[in-house]
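Examining the three-dimensional arrangement
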Amino acid sequence: MKKKGLVILSGGQDSTTVALFARSECKELHGITYDYGQKHKTEINSAKRIAKFLKFKTHVIIKIPNILKSTSPLINKKKKLEKYDSYNEIIKGIEPTFIPSRNILFLTIASNQAVLIECKTIYMGVCEEDYGGYPDCRRIFIDSMENSLGLGISGSKKYIKIKTPLMKLTKMESIKIAIKKCKNMEEFNKIFKETHTCYDGIKGGCGKCHACMLRDRGFKEAGINDPIWILRK
Ligand SMILES: [Zn+2]
């Protein structure tokens, strides 16, 4: 069993699933969450509760407001969030919510934190299957960051490992694995009721944004009721 794992925890479904992976592989869990000027703070509160539930040894909230500039409605108040009535309407290509360089910055800061706590493994919930529109969610980018961060920190490409266990999984597959990684359904429901995915910051999800669409479809395909649905108005 690896000693330490640092989880990039947004408070969403994917990063929480990755935290469950880390729990099954590491003796000691650490978390890092970014407050990067996103319009809603719901997911930061979710991250805090999940870190507590999973008994993270440390959990830091890094404030980076007003550094990332983008047309993404996640951080730009003038841009309206795209809402969809069905999954098929989702635009192919780069999703409007994409924030250039965000994952580069997140991994850079996480690597600094990893050195501080003497941890060599970073866990991140990126996935190329569902997020084809996000170039910084692909393994080719993660490999390149792993090499660059390692070279920049220690002179060796192999210094830091960035684990992305969801990379090739569909949402449905990742939900099924999250259930397997939990002690029982009761624990799964407890943890996932705390997760927040909606880009609009609506508790229980709006059901119409890109993130809600993907999450809802995954749960429906898995034949599982999403515990956040009872919170939905
Ligand atoms: Zn939503």
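For the structure itself, consult the block above.
Remember, predicted model here, so these are calculated numbers, not experimental data.

1. Some words on the environment of S46
Summarising the element assignment, S46 is placed in helix α2 (residues 42-53). Exposure remark for S46: the relative accessible area of 1% places this residue in the buried category. Not counting residues up to four positions away in its chain, the partners in contact with S46 are G11, E194, T195 and H196.

2. Notes on the packing of helix α5 (residues 171-181) against helix α7 (residues 210-222)
How two helices pack is summed up by the angle between their axes together with the distance between the axes. Running from N to C, α5 and α7 cross one another at 65°; their axes reach a closest spacing of 8 Å. The angle between α5 and α7 falls in the class roughly perpendicular. Considering the relative orientation of α5 and α7, their crossing is right-handed. Between α5 and α7, the contacting residues are K171, M172, I175 and K176 on the first element and L214, R215, G218, F219, E221 and A222 on the second. The residue makeup of the contact of α5 with α7, split by class, is five nonpolar, one polar and four charged.

3. Side note on α2
Here α2 is twelve residues long and its end C-alpha atoms lie 17 Å apart, about the 16 Å a rise of 1.5 Å per residue gives. Turning to α2, its buried residues number three or more, namely T42, E43, I44, S46, A47, I50 and A51. Residues of α2 that are buried sit in contact with α1 (13-25), β2 (26-35), β3 (58-63) and α6 (185-194).

4. Details of the nonpolar core
Side chains of a nonpolar character, in soluble globular proteins, are inclined to be buried together. With 34 residues, the main nonpolar core has Y34 and L107 as its most contacted residues. Counting residues per element, the ones that place at least two in this core are β1 (2-8), β2, α3 (102-116), α4 (139-154) and α7. Counting residues per element, this core draws most heavily on α3, which supplies five residues. If we ignore the near neighbours within four places in the chain, the residues touching L107 are I8, I122, M124, F141, I142, M145, L149 and I162. In this structure, V7, L29, I50 and A178 belong to the second largest nonpolar core, which totals 28 residues.

5. What to know about the pattern of salt bridges
Counted according to the given criterion, the structure contains 13 salt bridges. Between K168 and E128 there is a salt bridge, and its shortest N-O distance comes to 2.4 Å. Linking K168 in the loop between β5 (161-163) and α5 with E128 in the loop between β4 (121-123) and α4, this pair joins segments that are 40 residues apart in sequence. A salt bridge links E146 to R139, with the shortest nitrogen-to-oxygen separation between them at 3.1 Å. For the residue pair E146 and R139, the accessibility class agrees, reading buried in each case. Here the salt bridges do not stand alone but share partners, grouping R139, D143, E146 and K161 into one network.

6. Topic: unusual backbone geometry
With phi around 70°, S101 is a residue other than glycine that occupies positive phi space. Assignment of secondary structure puts S101 in the loop between β3 and α3.

7. A closer look at the coordination of the zinc ion
Only C198 (SG), C206 (SG), C209 (SG) and C212 (SG) from the protein reach the zinc ion as donors, at distances of 2.3 to 2.4 Å. For the zinc ion, the four donor atoms in the first shell make angles of 103 to 117° at the metal, so the coordination geometry reads as tetrahedral. Here the donor residues of the zinc ion are spaced in sequence according to C-x7-C-x2-C-x2-C.

8. Section: the packing of aromatic side chains
Overall, the coordinates contain five aromatic pairs when judged by the stated rule. Relative to F106, the ring of Y34 lies with its centre 4.1 Å away and its plane at 15°, an arrangement referred to as stacked. Of the two residues, Y34 is situated in strand β2 and F106 in helix α3; the sequence distance between them amounts to 72 residues. Exposure remark for F106: the relative accessible area of 7% places this residue in the buried category. Pairwise contacts between aromatic rings join F188, F192, F219 and W229 into one cluster. Between K181 and the ring centre of F21, over which it is positioned, the NZ or CZ distance is 4.5 Å.

Scoring rules and cut-offs
Residues numbered from 1 in each chain as written. Predicted model: local features only at pLDDT ≥ 70, side-chain atom pairs only at ≥ 80, totals over all residues. Heavy atoms only, no water. Helix = DSSP H or I, 4+ residues; strand = E, 2+ residues; numbered from the N terminus. Buried < 20%, exposed > 50% of the residue type's maximum accessible area, 1.4 Å probe, protein only. Contact = heavy atoms within 4.5 Å. Axes fitted to C-alpha atoms, helices over the stretch in contact; angles between N-to-C directions. Parallel < 35°, antiparallel > 145°, perpendicular 65-115°, else oblique. Left-handed = near helix turned anticlockwise from the far one by under 90°. Nonpolar A, V, L, I, M, F, W, Y, C, P; charged D, E, K, R; others polar. Expected span 1.5 Å × (residues − 1). Core = buried A, V, L, I, M, F, W, Y, C linked by side-chain atoms within 4.5 Å. Salt bridge = Lys/Arg side-chain N within 4 Å of Asp/Glu carboxyl O. Donors = N, O, S within 2.8 Å, 3.2 Å for Na, K, Ca; no water. Tetrahedral: all angles 85-135°; square planar, octahedral: opposite > 155°, others 65-115°. Phe/Tyr/Trp six-rings, centres within 6.5 Å; stacked < 30°, edge-to-face > 60°. Lys NZ or Arg CZ within 6 Å of the ring centre and 35° of its normal.

Fair warning: the whole summary comes from geometry, so function is off the table for now.
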